[in-house]
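Observations on the model geometry
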Amino acid sequence: MPLALLALAVGAFGIGTTEFVMMGLLPDVADDLHVSIPTAGHLVSSYALGVVIGAPLLAAVTARMSRRTVLISLMGLFVVGNTLSAFAPGYDSLLAARFLSGLPHGAFFGVGAVVATNMVAPERKARSVSLMFLGLTVANIAGVPVATLMGQHLGWRATFLGVGVIGLAAIASLALLIPRDHGQAPAVGLRRELAALRSLPVWLALGTTVAGFGALFSAYSYITPMLTDSAGYADSSVTLLLALFGVGATIGNLLGGRLADHAMRPTLFAGLTALAVVLALFPLLMATAWGGALAVVLLGVAAFVAGSPLNLMVMEKATAGPSLASSANQAAFNMANAGGAWIGGLALAAGFGATSPALAGAVLAVLGLIVAGVAYAVDARRAPQTGGRDRVVATHLPRTAAEAGARH
């Protein structure tokens, strides 16, 4: 695996830290800015909105720029957003800064996934994507807890300054390690990137992401009350348990990447099936303390086994314009975040019990399986017409911009 994947992982680590750390800092931010905690919660939504809007928008705007330049520029915008967050004088300015911080998130992962797959042999593409996302999962183990402690002891503004420093380290890593052949503008322009989004298989892949990861966030958004009210943990233990989720997510991410290189679609089906089963078992597992800890780990493993094949499938189905489609998939992940949390909240509000969001998530995981099954049927029907050419992403994704120009 090329060392350049480390640069992508550093950027992913910073993005993962700033995305999730706000949850732990909400009480401190609310007290300092004299707003209620529910009002401070809009800072989380503002970041997610920035991701959803920024992912396809920035990918489209930068379609003719070299991918190396795009990655460095996106991380520069990330640094600016977090620095402005640190020095925000009031709530409204912090809300705007958080939105700005979210803008480069999806495009960075989308373009980064294309760069990662183009730097490796065909049989290692899923693993290359999983290694980039390793930075995101490790952020849940180390970055978020450390940043939360920093915010609690040095003030929440120090946390965003620290995240900005991580962004600067990512810029330096990208400049040093991303190969110079990615400094050329890709042959695929905006028109072809947009044309790729007119494909039904691409939208089915995006729909699988929304349903499948909506299942995760339906449960994960309410994991704290499950652990305290059902499993009997003290509030002080939740941070450690959430780090266990990061451990599970890291295991699932690496496992999914390795398995997807051998059998992409079976890995996707297995991950979604495992996710549905784990969520369905939540009421039983959350009845005991050890079961609750096991549930958190298994949730991370099952959900992230499906992550790499989902990312790879979107790029496979949008071979004419993978950057925009891959970035749109990151927007789909954040739509899953918001939609899953909303559906889980409906289950709680209806009085079905503390673990009911997990059961709602199990239903969403089954829905994801159905959409993935429809996508498989569509591919099987189209295979005779395409001669099977769209089954392997490696046959379509050029390794360099020069090779892309030669092909097209």
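Just above, that's the structure.
Residues numbered from 1 in each chain as written. Predicted model: local features only at pLDDT ≥ 70, side-chain atom pairs only at ≥ 80, totals over all residues. Heavy atoms only, no water.

**Regarding the overall build of the chain**
Of the regular secondary structure elements, the chain holds 18 helices and 0 strands. Out of the 408 residues in the chain, the part that is buried amounts to 56%. The long-range fraction of contacts in the chain, counting pairs at least 24 apart against all pairs at least 6 apart in sequence, stands at 84%. For the chain, the exposed surface amounts to about 15600 Å²; the carbon and sulfur share of it is 70%. (Helix = DSSP H or I, 4+ residues; strand = E, 2+ residues; numbered from the N terminus. Buried < 20%, exposed > 50% of the residue type's maximum accessible area, 1.4 Å probe, protein only. Contact = heavy atoms within 4.5 Å. Areas by Shrake-Rupley, 256 points an atom, 1.4 Å probe, with all protein chains shown as cover.)

**Things to note about the pattern of salt bridges**
Taken as a whole, this structure holds 3 salt bridges when the rule is applied. R157 is paired through a salt bridge with D32; the nearest N and O atoms lie 3.8 Å apart. Placement of R157 in helix α7 (residues 156–177) and of D32 in helix α1 (residues 4–33) is noted, with a sequence separation of 125 residues between them. According to the relative accessible area criterion, R157 is partly exposed, its value standing at 26%. Classification of D32 as partly exposed rests on a relative accessible area of 39%. (Salt bridge = Lys/Arg side-chain N within 4 Å of Asp/Glu carboxyl O.)

**As for a nonpolar patch on the surface**
Where nonpolar side chains cluster on the molecular surface, the patch consists of L49, I53, L57 and V61 and spans about 360 Å² of accessible area. On the secondary structure map, L49 appears in helix α3 (residues 42–61). (Patch = residues over 30% accessible without salt bridge, like charges linked within 9 Å, V, L, I, M, F, W, Y side chains within 5 Å.)

**Remarks on helix α15 (residues 307–317)**
Of all 11 residues in α15, 11 are buried, a share of seventy percent or more. Every buried residue belonging to α15 is among G307, S308, P309, L310, N311, L312, M313, V314, M315, E316 and K317, and all of these are buried.

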